Amino acid sequence: MNEYAKGASEALVWVQGLMGDLVKGEDRWDVMKREVDDAKEDLVKGVGVDLRVRLQRNV
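Residues numbered from 1 in each chain as written. Predicted model: local features only at pLDDT ≥ 70, side-chain atom pairs only at ≥ 80, totals over all residues. Heavy atoms only, no water.

Enquirer: Now, about helix H1 (residues 3-21): what can you tell me, with residues and values included?
Expert: Across its 19 residues, H1 extends 27 Å between first and last C-alpha, which sits within 8% of the 27 Å expected from 1.5 Å per residue. Here H1 starts with a cap whose side-chain oxygen sits 3.0 Å from the backbone nitrogen of Tyr4, and that cap is Asn2. (Helix = DSSP H or I, 4+ residues; strand = E, 2+ residues; numbered from the N terminus. Expected span 1.5 Å × (residues − 1). Polar contact = N/O pair within 3.5 Å; in protein donor to acceptor, adjacent residues only side chain to side chain.)

Structure, rendered in structure tokens:
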């Protein structure tokens, strides 16, 4: 499996797990949206940490 497919698969399994963990009685979509937003922010911050170093390597 190539890296792109592997990452997509991991993301889908993670979302499926979130859906299974939603608690009845809470606003489930808000909980899930917050989890996805938080994960996206973690990803963006992680990508940006070494941006300058990666740019210099590719010059």
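Read on for the rest.
Enquirer: So what about the pattern of salt bridges? Which residues, and what values?
Expert: Enumeration according to the criterion identifies 1 salt bridge in this entry. Here Lys33 ties to Asp37 by a salt bridge, and the two come within 2.7 Å at their closest N and O atoms. Of the two residues, Lys33 and Asp37 are both situated in helix H2 (residues 28-49); the distance of 4 residues between them amounts to about one turn of the helix. By relative accessible area, Asp37 is classed as partly exposed at 29%. (Salt bridge = Lys/Arg side-chain N within 4 Å of Asp/Glu carboxyl O. Buried < 20%, exposed > 50% of the residue type's maximum accessible area, 1.4 Å probe, protein only.)

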